[in-house]
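# Understanding the architecture of this molecule
The primary structure of each chain is shown beneath.
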There are 2 protein chains.
Amino acid sequence: MLAEIITIGDEILIGQIVDTNSAWMGVELNKIGVKVKQITSISDEAEHIISALEEAQKRADIILITGGLGPTKDDVTKITLSKYFNMPLKLDEATLAHVKQFFEKLNRPMIEANVKQAEVPDGCTVIMNKNGTAPCMWFEHHGKIIVSMPGVPFEMKYLMTDEIIPRIQQRFQMPFIVHQNILTAGLGESFLAEQIADIEEALPSHIKLAYLPKLGQVRLRLSATGDNEVALLAEVAFHTNRIVERVDKYVVLTEDLPFEKAILNLMSKHGLTLSLAESCTGGYLSHLFTQHPGSSAVFQGGGVTYSNALKQSVLGVKEETLAKFGAVSEQTASEMALGALVNFNTDYAIAITGIAGPDGGSEQKPVGTVWIAVASKNGVKAKLYQFASQRLQNIERSAMAAMMMLFLQLKQDLSV
Amino acid sequence: MLAEIITIGDEILIGQIVDTNSAWMGVELNKIGVKVKQITSISDEAEHIISALEEAQKRADIILITGGLGPTKDDVTKITLSKYFNMPLKLDEATLAHVKQFFEKLNRPMIEANVKQAEVPDGCTVIMNKNGTAPCMWFEHHGKIIVSMPGVPFEMKYLMTDEIIPRIQQRFQMPFIVHQNILTAGLGESFLAEQIADIEEALPSHIKLAYLPKLGQVRLRLSATGDNEVALLAEVAFHTNRIVERVDKYVVLTEDLPFEKAILNLMSKHGLTLSLAESCTGGYLSHLFTQHPGSSAVFQGGGVTYSNALKQSVLGVKEETLAKFGAVSEQTASEMALGALVNFNTDYAIAITGIAGPDGGSEQKPVGTVWIAVASKNGVKAKLYQFASQRLQNIERSAMAAMMMLFLQLKQDLSV
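Nothing here was measured: the structure is a model prediction, and the numbers come from that model. (Residues numbered from 1 in each chain as written. Chains lettered and ligands numbered in written order. Predicted model: local features only at pLDDT ≥ 70, side-chain atom pairs only at ≥ 80, totals over all residues. Heavy atoms only, no water.)

### Some remarks on the interface of chain A and chain B
The condition is simple: The contact definition used throughout considers only heavy atoms, calling two residues in contact when any of these lie within 4.5 Å. Two parts placed together each lose some accessible area under a 1.4 Å probe, and adding up what both lose gives the buried area. Basic side-chain nitrogens of Lys or Arg form a salt bridge, by our definition, when they fall within 4 Å of a carboxyl oxygen of Asp or Glu. We call Asp, Glu, Lys and Arg charged. Ala, Val, Leu, Ile, Met, Phe, Trp, Tyr, Cys and Pro are nonpolar, and the rest, Gly among them, are polar. The rule for pairing is simple: two strands pair if DSSP sees at least two bridges between them. Secondary structure elements are taken from DSSP: a helix is a run of H or I of four residues or more, a strand is a run of E of two residues or more, and numbering for both begins at the N terminus.
Counting from both sides, the interface comprises 59 residues of chain A and, opposite them, 60 residues of chain B. Summed over both partners, the interface of chain A with chain B buries about 4,700 Å², with 58% contributed by carbon and sulfur atoms. For Glu45 of chain A, the salt bridge is made with Lys37 of chain B, and the minimal N-O distance between the two is 3.2 Å. When the residues that make up the side of chain A that touches chain B are grouped by side-chain class, the tally is 24 nonpolar, 29 polar and six charged. Bridging between strand β14 (residues 299-305) of chain A and strand β14 (residues 299-305) of chain B involves five bridges; their strand directions are antiparallel. Residue pairing for β14 of chain B: Gly301 of chain A is matched across the bridge by Thr305 of chain B.

Below, the structure is given as structure tokens:
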């Protein structure tokens, strides 16, 4: 089953916003066995909308359109669809009641343009948008499904999850798809592929294996398609176990979660707390953890100790250590981690100190040199990493490496 | 002048990566007066590449293709272009020498697939890729320009900036374009438009005004097109001044910089230092500042004090204050800011404490309630914000509001 995504509006074309919607939709559609054939970003012009829609229908069965449904004159999507499908606009009473209620709740006056948001092409299926005022519209046209929805991410995501994906599954009687992720680290994609080549080759044709590499990790994804969900689950479990057994020491987790969330879950389950001492990552790792609801049960806080003075006063790093070994050293990283552990009173602490670049490198310690330490009541371990020259990549890779060190330590300490 | 962007590869379609390249390219092309008509993401299939290329040439003069140039068999872009333009592949000696040198520097063995990267369609203009092994290829075809370049962001960005954009400007004898940004905050887009309606209407036809709203700010952008750069600069300065005078108290800056970078520059110029005390933003604001090279001259560090215990021990917030007013209160925010100022020994300190959600809200303090304080030797000021229900949005909006408070304080203290 093929789908296409059409995003409407100038914001993406002029680079004002990055199109994160389409990637999210791609992931969700893949999960139910729908492959995205093309993503097309176009301007808010009737002619362009129609030609994109016609091209898309030549290639795919499902066309998902986001954006272009705002109340202003610029947004011509709805009137264009109304003309294209030959369905005159009519006021949808249920939508109007919803829009009215929406404005009442916000305690804001409703203007004529907002009433117009309740008009829909006569003949489409209207899907109420609980998170906004623009309704979602579902069209069936020569056996193809065309859905128009708002581009605001939290409106689009809720509509996709709660309304559109279940309807697609029902409408096309989609087969079951079972996915299983295996997150690995420490082995490059091609080496990993070599190690499990025979397992991959022996997979039945209805089970696919994908390699998704990112920042020093490779996520393996098994996807099985069929009519019997119970059988699929068993089959996938069997092949997952074979892979995990084979590359055991590189397997990080087999859940479909961001790494930091998996760590939070593991620590929360065991009642453990965490603090951070960040230098070159400058708060990025703290942000990764704290973006997740409920992180405060584990993450107590940390110090973003950019300056040497703060490494001393906040974390208790010794002046002699900094003078003798420098801020980017095994000794400083270890003292930072131990300082965080004690001063922030947590079960585990991570310290990261390095040269993110582009300045600050030397022959002994070039840009990309990073020391990471993990401390717990069992002591402290520090490790040297050598990344590359790009500042933001160095920040991201340092955070990832730090999580990996913590995770391996937790696995060892908890024997999981 | 119209351009289209075609991205090739499954990574975007399956949602493995977000297409940040196209937004960046859209911004850069706009700066030289090239409008992006469509962005198309397609899979790595010859037929699909050719149809997308043909469609794009019907609409635009410049087609920029990214991705699909890796050394593996999956990447069919080069061979497809070779067939499409009827230019057989030949080995490019200069590229081969470059690739060889690249591998020597990395001290890695070169395999057959890497040699193939030095093959190019006979007749295209080869543009050397200093940052990678896949060369950039420039085709001229029935008056249209088609450029194929790697999708790796730092290879693509350097090729666009140093090679492709200058060549486009030369090839099409593009007019001069002068841009001027005016970042405003505190006034919604429609109210702002109302305030400057007469100025906008009086703009000559070769000067356009765009409204780019984001997170409580509106960026105004004046773009003037013409043959006389000096005259354009004078004209744009004239209209910029008119707008700035009219909405003076909402104008934040008139440079084309991220807000946090403008703050860093201003503070650096005056030799001022900054520290942060972050609770609900959890390190996000520290990360915003520290992603910029050279931030360490201003940003000394901060505390990510998620727990109440750390608010006390790291920042010196009084236990009675937390007990009496709660962690999300004017009093706690003020003590956090003053604590950071003293403990981290900086000229300015920002504190942010709030309920990011989705949990932790109450009737008195619903999710989205945030207190922000700015402290300096002149004292401390705190302000209450009420954002909405989305955790990540609350984090981003809090960071933005905190920067605004600091900026206004700096403007006042420095009389700038």
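### A short note on empty space enclosed by the protein
Applied cut-off: Site definitions follow a grid-based scheme: protein atoms alone, a 1 Å grid, a 1.4 Å probe that fits but cannot get out for cavities, and for pockets an open set with protein on both sides within 12 Å along at least five of seven lines, plus lining residues having an atom within 4 Å of a point. Grid points are joined across faces, edges and corners, and a volume is the space filled by probe spheres set on the points.
What the rule picks out here adds up to two cavities of 30 Å³ or more. By volume, the largest cavity amounts to about 120 Å³. What lines the largest cavity is a set of 15 residues, among which Asp19, Ile39 and Ser41 of chain A together with Asp19 and Ser41 of chain B lie closest to the centre. Secondary-structure elements contributing two or more residues to the lining of the largest cavity are α2 (20-31) and β2 (35-42) of chain A together with α2 (20-31) and β2 (35-42) of chain B.

### Quick word on the relation of the copies chain A and chain B
Going by this rule: Here the copies are matched by least squares. The fit uses the C-alpha atoms of residues with pLDDT of at least 70 in both.
Taken as rigid bodies, chain A and chain B are interconverted by a rotation of 180° and an axial shift of 0.1 Å, the fit giving an RMSD of 0.1 Å. Such values leave the two copies arranged in the relation of a two-fold axis. Both copies present the same face, since 100% of the interface residues in chain A are matched by interface residues at the equivalent positions in chain B.

### Points about the sheet that holds β14 of chain A
The test is simple: Throughout, an axis means a line fitted to C-alpha atoms (over the contacting stretch in the case of helices), and angles, computed between N-to-C directions, take values from 0 to 180 degrees.
One open sheet accounts for 10 strands, arranged β17(A)-β16(A)-β15(A)-β13(A)-β14(A)-β14(B)-β13(B)-β15(B)-β16(B)-β17(B); its pairing is mixed. Strands with a single pairing partner mark the edges of an open sheet, and in this sheet they are β17 (379-386) of chain A together with β17 (379-386) of chain B. Averaged over neighbouring strand pairs, the angle between their axes works out to 10° when direction is ignored. Pairing analysis gives eight bridges linking strand β16 (residues 369-376) of chain B to β17 of chain B, with the strands arranged antiparallel. Note that in β17 of chain B the partner of Ile372 of chain B across the bridge is Lys383 of chain B. Contacting β13 (274-278), β14, β15 (348-354), β16 (369-376) and β17 of chain A, helix α15 (residues 330-343) of chain A crosses the sheet at an angle of about 145° to β15 of chain A.

### Topic: the pattern of salt bridges
Applied cut-off: For the exposure calls, accessible area comes from a 1.4 Å probe over protein chains only, and a residue counts as buried if that area is under 20% of its type's maximum, exposed if over 50%, partly exposed in between.
Within the structure shown, the criterion is met by 20 salt bridges over all chains. As a salt-bridge pair, Glu28 of chain A and Lys31 of chain A come within 3.2 Å of each other at their nearest N and O atoms. Taken together, the positions of Glu28 of chain A and Lys31 of chain A, both in helix α2 and three residues apart, correspond to about one turn of that helix. A relative accessible area of 17% places Glu28 of chain A in the buried class. Note that Glu335 of chain B is salt-bridged to Lys318 of chain B, the shortest N-O span being 3.3 Å. Taken as a pair, Glu335 of chain B in helix α15 (residues 330-343) and Lys318 of chain B in the loop between α13 (308-313) and α14 (319-325) lie far apart in primary sequence, 17 residues in all.

### Points about unusual backbone geometry
Glycine aside, residues mostly have negative phi, and peptide bonds are mostly found in the trans state. Here the residue pair Gly357 of chain A and Pro358 of chain A is connected by a cis peptide bond, since its omega of 0° sits within 30 degrees of zero. The phi dihedral of Asn345 of chain A falls on the positive side, at around 55°, and the residue is not glycine. With respect to the secondary-structure elements, Asn345 of chain A resides in the loop between α15 and β15. Even without glycine at this site, Gln173 of chain B takes up a positive phi of about 45°. Relative to the helices and strands, Gln173 of chain B resides in the loop between α7 (153-171) and β9 (176-185). Residue Gln173 of chain B is classed as exposed on the basis of its relative accessible area, which comes to 70%.

### What about the nonpolar core?
Rule in force here: Buried Ala, Val, Leu, Ile, Met, Phe, Trp, Tyr and Cys residues form a nonpolar core when they are joined through side-chain atoms within 4.5 Å.
Within the largest apolar cluster, 85 residues are counted, with the highest numbers of intra-cluster contacts made by Phe259, Leu285 and Ile350 of chain A together with Phe259, Leu285 and Ile350 of chain B. In this structure Leu285 of chain B touches Leu276, Glu278, Ile350, Ile352, Ala399, Ala402 and Met403 of chain B, once residues within four positions along its chain are discounted. Core analysis: the second largest hydrophobic core is formed by 40 residues, Ala333 of chain A together with Ala340, Ala349 and Ala351 of chain B among them.

### Brief notes about the domain arrangement of chain A
How large an interface is tends to be reported as the accessible area lost when its parts come together. In plain terms, the rule: The domain boundaries here were taken from an automatic or database domain assignment.
Considered domain by domain, chain A is made up of domain 1 (2-171), domain 2 (176-253) and domain 3 (259-414). A separation of 44 Å is found between the C-alpha centroids of domain 1 of chain A and domain 3 of chain A.

### Here's the deal with the sheet that holds β9 of chain B
Residues and elements named next belong to chain B. Pairing is antiparallel in the open sheet, where four strands are placed in the order β10-β11-β9-β12. Each edge of the open sheet carries a strand with a single partner, namely β10 (207-214) and β12 (251-253). Across the sheet, the axes of successive neighbouring strands diverge by a mean angle of 30°, strand direction being ignored. Two elements, β9 and β12, share two bridges in a ladder whose sense is antiparallel. Pairing of Leu183 across the sheet is with Leu253, part of β12. Its contacts with the sheet put helix α10 (residues 229-246) on β9, β10, β11 (217-226) and β12, and the angle it makes with β9 is roughly 15°.

### Some remarks on the packing of aromatic side chains
We count it as follows: Any pair of Phe, Tyr and Trp rings, taking the six-membered ring for Trp, is counted once the centres come within 6.5 Å. Such a pair is stacked with planes under 30 degrees apart, edge-to-face with planes over 60 apart, and tilted for the rest.
For the coordinates displayed, the defined rule picks out 12 aromatic pairs over all chains. Taking 5.4 Å as the distance between ring centres and 70° as the angle between the ring planes, the aromatic pair formed by Phe259 of chain B and Phe407 of chain B counts as edge-to-face. Placement of the pair is Phe259 of chain B in helix α11 (residues 259-269) and Phe407 of chain B in helix α16 (residues 391-414), with a sequence separation of 148 residues. Here the aromatic rings of Phe289 of chain B and Phe299 of chain B are separated by 6.4 Å at their centres, their planes lie at 20°, and the arrangement is stacked. Linking Phe289 of chain B in helix α12 (residues 284-290) with Phe299 of chain B in strand β14, this pair joins segments that are 10 residues apart in sequence. Note on Phe289 of chain B: relative accessible area 0%, which makes it buried. For Phe299 of chain B, a relative accessible area of 0% gives the class buried. Taken together, Tyr84, Phe85 and Phe139 of chain A form an aromatic cluster joined through their ring pairs.

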